[in-house]
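Structural overview
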Amino acid sequence: MEFARLTFIVLCLLETVLTILCIYLFSPKQSTPPMPIQNGGSPALNEVSSLASVSTDATHPLTPTTPPAYLNLPILYLVQTEKCLPPYLLSNDVLGNGSLGFEVVVLSYKKACDNATQHHIQYFLQPSTTWSTGRNFLLETALTKNKPYLYYIFMDDDIVLIDLKQMNPWRKFEAFLRSVEPAIAAIDLTQDNYLQMIRNVHRDRQCSREEDYVTCVWFDAIFNAFHYNAVHHVLPYDPTFDNQTWWASQMAVIARSEVLCRGQVVLHTEIVGLNKDHRPYPRRFDFSQQMFESWLSGFAEKHVPPNCLQCANVYGQQWRTMGVNHGWSSSTLCLPPPPPHDIIEPGRYACSRSTLLAMNPLLAMVPLLVQKYT
């Protein structure tokens, strides 16, 4: 009996030492160059790859006096609507001015728009699509355009943006994307108040700090910006469960985003959204373990480097076990927001100290050795 107990202790200690050694030897170093884009041969994204040869440091990012060329690439808005964009979105303060560094692609899902006169707005008629398949059509259309974009912003046509400091929220959000360059950025909705929940977590756990953006896990689908170097990892949307609820495909994006881009998904704290219309569609906030298994089984293995895979799978397992509750309690919420122009690569912050402790509690005995991964 004593021999078995001693053997168990020795094996646990050996596993701890091996875990630390493997992480020290194989974890991504801060001097890692930007990850090459893997996009299945998209000419537009390959062009971005050649522009994005800028050296960055994860802790002390370089802030060049002259912004690198790729930051001047246009932003692409992707919208679904019944026929034509509503007048509010066509105003010059929103999406109506085509000289401000953005373009718009619109899917009309009921009737063709007969008033498409602005050169920077392109319409496509695609009836009989769901919310998920419609967004996937927009994504495919965007990626096959022979033109690179810095961000792909998916939005619903009933979103109203509000800036708490009374600035133009659309131009402010675009400037934020260019100045910070997160992997994924979203906003809070007035009716969700998810930002307050994050602040409560910060207060209760005495972690992180308030800036104009915070690290998040959960984000509403109504207004999401995907960096060109993240979009091909997290998307397309999964329409498998559209017959049960159209909310499922966004839940898949949320779970996959934490597995791949943990610590690089942010919520803007000064811009909120108002969802003014509620059309009928299948909806229920009930996601089964089968759904999470379908979304996450083998997913990390396709995208995350082998040295980060074990850590990334910790969060996949937590989604499978806890379901949506993981989004409200994840240790990711306590990660500091990513620095401006951080390197975007799958699993970059997967192996934080909280992840290592979840994998092996004995690591708590050697905090100095894992301090660099906090």
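As shown above, the structure is provided for reference.
Quick look at the structure, then.

Procedures and definitions
- Residues numbered from 1 in each chain as written.
- Predicted model: local features only at pLDDT ≥ 70, side-chain atom pairs only at ≥ 80, totals over all residues.
- Heavy atoms only, no water.
- Helix = DSSP H or I, 4+ residues; strand = E, 2+ residues; numbered from the N terminus.
- Buried < 20%, exposed > 50% of the residue type's maximum accessible area, 1.4 Å probe, protein only.
- Contact = heavy atoms within 4.5 Å.
- Disulfide = S-S within 2.5 Å.
- Phe/Tyr/Trp six-rings, centres within 6.5 Å; stacked < 30°, edge-to-face > 60°.
- Lys NZ or Arg CZ within 6 Å of the ring centre and 35° of its normal.
- Patch = residues over 30% accessible without salt bridge, like charges linked within 9 Å, V, L, I, M, F, W, Y side chains within 5 Å.
- Areas by Shrake-Rupley, 256 points an atom, 1.4 Å probe, with all protein chains shown as cover.
- Salt bridge = Lys/Arg side-chain N within 4 Å of Asp/Glu carboxyl O.

Concerning the side chain of serine 108
- Along the chain, serine 108 turns up in strand 2 (residues 102-108).
- Judged by its relative accessible area of 1%, serine 108 falls in the buried class.
- Setting aside residues no more than four positions away along its own chain, serine 108 makes contact with Thr81, Glu82, Lys83, Cys113, Tyr123, Phe124, Leu125, Gln126 and Pro127.

Some thoughts on the state of the cysteines
- Tallied over the entire structure, the rule returns three disulfides.
- Cysteine 207 shares a disulfide with cysteine 334; S-S distance 1.9 Å. In this structure, the disulfide formed by cysteine 207 and cysteine 334 twists by about -65° around the S-S bond and is classed as left-handed. Highlighted residues: cysteine 207 in the loop between helix 5 (194-205) and strand 7 (213-215) and cysteine 334 in the loop between helix 11 (325-329) and helix 12 (353-359), separated in sequence by 127 residues.
- The connectivity of the disulfides in the chain is 1-2, 3-5, 4-6, where the numbers refer to bonded cysteines in sequence order.

Examining the packing of aromatic side chains
- Applying the stated criterion across every chain, the model contains 18 aromatic pairs.
- Taking 5.7 Å as the distance between ring centres and 75° as the angle between the ring planes, the aromatic pair formed by phenylalanine 154 and tyrosine 237 counts as edge-to-face. One end of the pair, phenylalanine 154, is in strand 4 (residues 151-156); the other, tyrosine 237, is in the loop between helix 6 (231-234) and helix 7 (248-261), and 83 residues separate them in sequence. Each of the two residues, phenylalanine 154 as well as tyrosine 237, counts as buried.
- Lying over the aromatic face of phenylalanine 299, arginine 256 brings its terminal NZ or CZ to 4.6 Å of the ring centre.

Some words on a nonpolar patch on the surface
- A surface patch of nonpolar side chains, about 250 Å² in accessible area, is lined by Ile162, Leu164 and Leu274.
- As for its position among the elements, leucine 274 is in strand 9 (residues 265-275).

That is the geometry; function is a separate question.
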